[in-house]
Amino acid sequence: MSAAPGGSQASSHRSAQREGTPVVATEIHSRAVASLSIEDLHVGYGRREVLHGATLPLLHPAHIVALLGPNGSGKSTLLKAVAGLLPSTGTLQLGDTDLRSLKLAERIARVAYLPQSLPTGARLTVLETLLASLRAAGGGRADDVVRAQTVLARLGCGELAMQTLNALSGGQRQLVGLAQALVRDPQALLLDEPLAALDLRHQLRTMRLLREVAAERRIAILVVLHDLNVALRHCDGVVLLKEGRVLAAGSPADAINPAAIAAVYGVQARVEACSRGTLQVLVDDEAAM
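Residues numbered from 1 in each chain as written. Predicted model: local features only at pLDDT ≥ 70, side-chain atom pairs only at ≥ 80, totals over all residues. Heavy atoms only, no water.

Quick word on the pattern of salt bridges
On inspection of all chains with the given rule, the structure shows seven salt bridges. Ionic pairing is found between Arg154 and Glu212, a salt bridge with its closest N-O pair at 2.3 Å. Here Arg154 is found in helix H5 (residues 144-154), whereas its partner Glu212 is found in helix H7 (residues 200-217), with 58 residues between them in sequence. The class for Glu212 is buried, based on a relative accessible area of 4%. (Salt bridge = Lys/Arg side-chain N within 4 Å of Asp/Glu carboxyl O. Helix = DSSP H or I, 4+ residues; strand = E, 2+ residues; numbered from the N terminus. Buried < 20%, exposed > 50% of the residue type's maximum accessible area, 1.4 Å probe, protein only.)

A few points about the pairing of strand E3 (residues 64-68)
Burial of E3 is extensive: five of the five residues sit out of reach of the surface. Alternating residues of E3 divide into Ile64, Ala66 and Leu68 and Val65 and Leu67, and every residue in both groups is buried. The sheet contact formed by E3 and strand E8 (residues 220-224) spans four bridges and is parallel. For Leu67, the partnering residue across the bridge sits in E8 and is Val224. Pairing of E3 with strand E9 (residues 237-242) involves four bridges; the strand directions are parallel. In the strand pairing of E9, Ala66 is matched with Val238. (Pairing = 2+ DSSP bridges.)

Comments concerning the packing of helix H4 (residues 126-136) against H5
The contact between H4 and H5 brings their axes to 10 Å, and the two run at 120°. In this view, H4 runs oblique relative to H5, as classed from their interaxial angle. For H4 against H5, the interelement crossing comes out right-handed. Where H4 approaches H5, its residues Val126, Leu127, Leu130, Leu131 and Leu134 are matched on the opposing element by Asp144, Val145, Arg147, Ala148, Gln149 and Leu152. When the residues that make up the contact of H4 with H5 are grouped by side-chain class, the tally is eight nonpolar, one polar and two charged. (Axes fitted to C-alpha atoms, helices over the stretch in contact; angles between N-to-C directions. Parallel < 35°, antiparallel > 145°, perpendicular 65-115°, else oblique. Left-handed = near helix turned anticlockwise from the far one by under 90°. Contact = heavy atoms within 4.5 Å. Nonpolar A, V, L, I, M, F, W, Y, C, P; charged D, E, K, R; others polar.)

Comments concerning the sheet that holds E9
Spatially, E6-E7-E8-E3-E9-E10 is the arrangement adopted by the six strands of the open sheet, whose pairing is mixed. On the outer flanks of this sheet lie strand E6 (111-114) and strand E10 (245-250), each paired with one strand and no other. Within this sheet the neighbouring strands show an average axis-to-axis angle of 15°, counted without direction. Here strand E7 (residues 188-192) runs beside E8; their pairing, made up of five bridges, is parallel. Residue pairing in the sheet places Ala188 in a bridge with Ala220 of E8. Its contacts with the sheet put H7 on E3, E7 and E8, and the angle it makes with E3 is roughly 130°.

Here we look at the sheet that holds strand E1 (residues 36-45)
Here we have four strands laid out as an open sheet, ordered E2-E1-E4-E5, and antiparallel in their pairing. Because the sheet does not close on itself, it has two edges, and the strands there are strand E2 (48-54) and strand E5 (97-98). As paired strands, E1 and strand E4 (residues 88-94) are joined by six bridges and run antiparallel to one another. Note on E4: the bridge partner recorded for Ser37 is Gln93. In the packing of helix H2 (residues 75-83) onto the sheet, the strands contacted are E1, E2 and E4, and the crossing angle to E1 comes to about 110°.

Side note on the nonpolar core
Counting residues in each nonpolar core, the largest one holds 55 residues, and the members touching the most others are Leu68, Leu189, Leu225 and Ile256. The element best represented in this core is helix H6 (residues 170-183), accounting for seven residues. With near-sequence residues (within four places) excluded, Ile256 lies in contact with Leu68, Leu228, Ala231, Leu232, Val238, Ser251, Ile261, Val271 and Val281. Leu79, Leu92, Leu99 and Leu190 belong to the second-largest nonpolar core, a separate cluster that totals 30 residues. (Core = buried A, V, L, I, M, F, W, Y, C linked by side-chain atoms within 4.5 Å.)

Considerations on the packing of H6 against H7
Between two packed helices, both the angle of their axes relative to each other and the distance between the axes serve to describe the pair. Here H6 crosses H7 at 0°, and the two axes come no closer than 13 Å. It follows that H6 is roughly parallel to H7 by the angle criterion. For the pair formed by H6 and H7, the contact residues are Leu175, Leu178 and Leu182 on the first element and His202, Thr206, Leu209, Leu210, Val213 and Arg217 on the second. Looking at the contact of H6 with H7 residue by residue, the classes come out as six nonpolar, two polar and one charged.

Notes on the environment of Leu228
When you line up the elements, Leu228 lands in helix H8 (residues 228-234). For Leu228, a relative accessible area of 11% gives the class buried. Residues Leu228 and Pro252, spaced 24 residues apart in sequence, show a C-alpha to C-alpha distance of 8.9 Å. The contact partners of Leu228, leaving out residues within four places of it in the chain, are Leu68, Ile256, Ile261, Tyr265 and Val281.

This is the structure we're talking about:
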């Protein structure tokens, strides 16, 4: 994968301050830094196999890699398998550790997973849900409340701490779910469409925060996205899936190209630099079948 964009941590913080993003000092806990290896992954539901031997490039610490592809291509299935929610065969390795060898609590502590949607009926407050997330991951420290409030502040939703989950909008629940994942300080972070319910401002803020967190805590982040332009701008690497197979992988600038877009999505598209030099995808038409 290419080197992480965005410069140093200090530069990232200065950029966030210019954009009005709350920047709060975060304790970086002492724990191992590890790459995530996913090789020859086979996953299915009953007799129907969804992933057919998917192998991803090694996910390095401090890198963000986007999983891209049309609906039904196996993106969510892949995340669930890595999180331990679906049985699978193949290699799932975090550093020197076989993820399948871990007990559930140990796996939750090392690999945090955020699904597409969160339950709406819970009457716990936002702060209580974050504290519960810490306990599930082996927390229970004296500074847990401060850690939870810090993460909420960095997401720009500190005012939600005492509200109940059932009183939140879909976008607010998505931010709270992200806070639950981040507060655990995992070694790897799996995010399934974390931008889906967010407005443009919060999408930008969330991706910038993920960049800061990846750099600060040296964690590998695997995120399902639908917007190719977000992946081009904010990610270190991309993996394009179609029908349960990896069709392209590498740096965004290399892997997101007209041929790959046509093969994966069935559309004719151009990848061009805008006036600021940022690559962007422009879709012209459906691809000829």
